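Close look at the chain arrangement
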Amino acid sequence: VRQEALELELGWALEQEQSSMAELARFAGELRRSIIDEDADAAAAAEKEEQRQLDEMDARWRARDAAVKAVLEADAAELERQKQSAEAAETAAKKAEEEQKRADEAAAAAKKTAD
């Protein structure tokens, strides 16, 4: 009887141990899934933050590019204006020179005629 009681108690203890081991394995599995989910969430959050920073950097570079382009276009327009102004001044100077030359020729011709 004592041996049967010991065997029953041993069987019950083994059953309890198996149940505890199964519960521990279930808990370990849940913990592992939880860690995997947390890692995936953290990785997704890190990727999202990295993309946000890249988008922000891209926006800054685009704004700088636009500003540089505007300055270059303004410089080009100013150079063109200066070029046109210089050409107009040169044309006016040539025209004045020609008019002076004609006036000198007319004066010389009038003087010759007067003599």
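Just so it is clear, the model here is predicted, and its values are computed rather than measured. (Residues numbered from 1 in each chain as written. Predicted model: local features only at pLDDT ≥ 70, side-chain atom pairs only at ≥ 80, totals over all residues. Heavy atoms only, no water.)

**A few points about the pattern of salt bridges**
Where we set the bar: Salt bridges are counted wherever a side-chain nitrogen of Lys or Arg sits within 4 Å of a carboxyl oxygen of Asp or Glu. Labels follow the DSSP assignment, with helices taken as runs of H or I lasting at least four residues and strands as runs of E lasting at least two, numbered in each case from the N terminus. Each residue is assigned to one of three classes by its accessible area relative to the maximum for its type, calculated with a 1.4 Å probe on protein chains only: buried under 20%, partly exposed between the two thresholds, exposed over 50%.
In total, this model carries nine salt bridges according to the counting rule given. Measuring nitrogen to oxygen at the nearest pair gives 3.2 Å for the salt bridge that ties Glu56 to Arg60. A residue pair is termed a helical-turn pair when its members lie 3 or 4 positions apart in one helix, as Glu56 and Arg60 do in helix H1 (residues 2–114) at four residues. The partly exposed category is assigned to Glu56, whose relative accessible area is 39%. Across the pair Arg62 and Asp58 runs a salt bridge, and its minimum N-O distance is 2.9 Å. Taken together, the residues span about one helical turn, with Arg62 and Asp58 both in helix H1 at a distance of four residues.

**Regarding a nonpolar patch on the surface**
Just so we agree on the cut-off: Patch definition: residues with relative accessible area over 30% and no salt bridge; like charges joined within 9 Å; nonpolar side chains (Val, Leu, Ile, Met, Phe, Trp, Tyr) joined within 5 Å. With residues, only the protein chains shown are counted as cover, and all accessible areas are computed by Shrake-Rupley using a 1.4 Å probe.
A contiguous nonpolar surface patch, about 500 Å² in accessible area, is contributed by Met21, Leu24, Phe27, Leu31 and Ile35. Residue position: Met21 is located in helix H1.

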